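Listed here are the chains, written in short residue letters.
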Amino acid sequence: MLAVTGYDNISLSSLGRISLTSVDSDSQDLGRGSARLLLHLMRNPEGKFARQIKILPRLIVRASSEVPPRSL
């Protein structure tokens, strides 16, 4: 058995003959966090700055990683 997983959960992931399990990250959250970081850096160009932006991914399980039924 082979399990296959993609990343970014693009719309084509669910359209194939065997739909692809995928990791989904919220691109809007990533964009908002990046914009806030950029604005802070623009307002404080000389200041020291350390910040982490955490984006929690979701696993979208589809047929490419499901366990097939046992045949007798």
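Structure: see above.
Everything in this summary refers to the structure shown in the same document. In this text, all values refer to a predicted model and were calculated from it rather than measured experimentally. (Residues numbered from 1 in each chain as written. Predicted model: local features only at pLDDT ≥ 70, side-chain atom pairs only at ≥ 80, totals over all residues. Heavy atoms only, no water.)

Description of unusual backbone geometry
Positive phi values are uncommon outside glycine, yet Asp8 reaches one of about 90°. If you trace the backbone, Asp8 turns up in the loop between β1 (5-7) and β2 (21-24). Residue Asp8 is classed as partly exposed on the basis of its relative accessible area, which comes to 45%. At Asn9, a residue that is not glycine, the phi angle is positive and equals roughly 50°. Along the chain, the position of Asn9 falls in the loop between β1 and β2. (Helix = DSSP H or I, 4+ residues; strand = E, 2+ residues; numbered from the N terminus. Buried < 20%, exposed > 50% of the residue type's maximum accessible area, 1.4 Å probe, protein only.)

So, helix α1 (residues 27-43)
Over its 17 residues, α1 runs 24 Å from end to end, which matches the ideal 24 Å to within 8%, given 1.5 Å per residue. One side-chain oxygen of the residue at the start of α1 lies 3.0 Å from the amide nitrogen of Gln28, identifying that residue as Asp26. (Expected span 1.5 Å × (residues − 1). Polar contact = N/O pair within 3.5 Å; in protein donor to acceptor, adjacent residues only side chain to side chain.)

Let's talk about the pattern of salt bridges
Scanning the model with the defined rule gives 2 salt bridges in all. Note that Arg32 and Asp29 form a salt bridge whose closest N and O atoms lie 2.5 Å from each other. One end of the pair, Arg32, and the other, Asp29, are both in helix α1, 3 residues apart, so they sit about a helical turn from each other. Of the residues examined, Arg32 reaches a relative accessible area of 39% and is grouped as partly exposed. (Salt bridge = Lys/Arg side-chain N within 4 Å of Asp/Glu carboxyl O.)

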